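The residues making up each chain are set out below.
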Amino acid sequence: MSKSDKLSTDPYKGVRDFYPEDQAMLNRLFSVLRMVCERVGYVEYGASVLEPAELYKSKNAENEEIINEQTYTFTDRGDREVTLRPEMTPTVARMVAAKRREFGYPLRLYSIPNFFRYERPQRGRLREFWQLNVDIFGSRSLAADTEIISVAYGVMRALGGSESDFVIKVGSRPAMNEVAQRAGLSPEATKKFFALLDRRAKMPTTEFEQNLQALGVPMAAVSPDEVPADIAEMLEQFRAGGVGNIVYDPSIVRGFAYYTGIVFEVFDLHPQNNRAVGGGGRYDNLTALFDDEPMPGVGFAMGDEPLRLFMDARGLIPPYTPPTQVYVALAAPELLPEATTLVQELRQAGVCVAQDFGERKLGDQIKAASKHKIPHLIVVGQDELTAGAFAVRDLTTGEEEHVGRAELAAYFLTRTI
RNA sequence: GUGGCCGUAGCUCAAUGGUAGAGUCCUGGUUUGUGGUACCAGUUGUUGUGGGUUCGAAUCCCAUCGGCCACCCCA
């Protein structure tokens, strides 16, 4: 049979397969994210990846192109237009609007959902990805902004990053709106102004100054030294708390989104990863699509792949270990019933055990356990069964320890993974 | 969506238009109750795919698929 008759084993363009080691890495990352959020009182929610297409289309005309060209949208068998969610904000806004009278406020929510975007893939940008989404609803307090940023900071630290590994740049939409207003910029010119600010780091200073001048905005207005009062207060709090890598940066404006207050981005400072790992900001009324009562809030998102690259560049990804603690191999196939009894004893006691069925030579059984990176091995043979004791081998060191059958479970349970 | 670089054994990569190779992995043996180190032997393959140029293509050209990079975008 020729090769071309067969299907490719590659995953779909821009998406990843998660083999056990990859899935374990993702799970460990998620568990750190959950821990950080829950420690600050955020609770987890979830929703379907399928949303009615109109949820994104109706937001505003400005992003129509993005929705049309960069989402997965299709018509279902019932003639409904469906979109695979490209972001979480409309979904969480819908959920909050639906239960707004039942919730207590401030409402702290987080989620780690997957998203789909029809984009050209490259490093750190895929067609399916996961994102931590953290939001606090129903508060206008600066303390909420501060808390949200401190959660983002906490994530980076909990993953093993030190302050020299990343920086959080905080900008202000109102401050830049005021600059635009003072310069008498039209709505179109304001848009250009924001786009210019956004690209500031990608161009030489002189080019930036020229473009700024062309718009009629004075350089001093976008100086990092002109810190807006609320951000100055926030930064002072962080400094008092011993946090030194959160700074004001007037060029942070974050695209066209619904932001109306502070905005911020978390940057990976590794030369290999010159990119933002996440960002967010404050919005005045996220539920405007669903009702007329204002719902202020502040939130941020962080992508799984940028976080993984952040950790990888610094050796912060721990080596893989499977949940399986012990592999039970058979010296002879006819010992399977005896081995099964032993395995069940161990499982009953709470040990995670994988059992070989004795189809292959003992050496191959051990090789398989080793390939699976299972830390311990027991060989069940007639000698061991008669003696009532087993040699427990550490497959990483090759060292063996003799343990009586009655003590086996306790032996493994005291060796926590 | 635009432009550039790339695609060779399961993996990492050689081979400058002239017989497709190395390391690793894998399989068997040294060793029929013991893996990861050692020694011996063996398979690594439609050079991403489809066309074209040529006496001859992994190599040059076109298309297509996929990866990477920059732009765009970054909800």
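Details of the structure are given in the entry above.
## Description of the sheet that holds strand E13 (residues 326–330)
Part 1: Spatially, the five strands line up as an open sheet ordered E14-E13-E15-E16-E17, and their pairing is mixed. A strand with exactly one partner marks an edge of an open sheet, and here the two such strands are strand E14 (353–355) and strand E17 (400–404). Averaged over all adjacent pairs, the angle separating strand axes in this sheet is 30°, with direction ignored.
Part 2: Where E13 and E14 come together, three bridges link them in parallel fashion. Bridging across to E14, Val326 finds its partner in Val353.
Part 3: Across the sheet, helix H11 (residues 336–348) lies against E13, E14, strand E15 (376–380) and strand E16 (389–394), angled at about 170° from E14, the strand it touches most.
Part 4: Running over the sheet, helix H12 (residues 362–371) touches E13, E15 and E16 and is turned about 170° from E13.

## Comments concerning the packing of helix H1 (residues 20–39) against helix H5 (residues 142–158)
Part 1: Contact geometry for H1 and H5: axes closest at 9 Å, N-to-C directions at 140°. As far as their axial angle goes, H5 and H1 are oblique. Here H1 runs over H5; the crossing is right-handed. Of the residues in H5, those touching H1 at Val32, Leu33, Val36 and Cys37 are Val151, Gly154, Val155 and Ala158.
Part 2: Broken down by class, the residue content of the contact of H1 with H5 amounts to seven nonpolar, one polar and no charged.

Parameters and conventions
Residues numbered from 1 in each chain as written. Chains lettered and ligands numbered in written order. Predicted model: local features only at pLDDT ≥ 70, side-chain atom pairs only at ≥ 80, totals over all residues. Heavy atoms only, no water. Pairing = 2+ DSSP bridges. Helix = DSSP H or I, 4+ residues; strand = E, 2+ residues; numbered from the N terminus. Axes fitted to C-alpha atoms, helices over the stretch in contact; angles between N-to-C directions. Contact = heavy atoms within 4.5 Å. Parallel < 35°, antiparallel > 145°, perpendicular 65-115°, else oblique. Left-handed = near helix turned anticlockwise from the far one by under 90°. Nonpolar A, V, L, I, M, F, W, Y, C, P; charged D, E, K, R; others polar.

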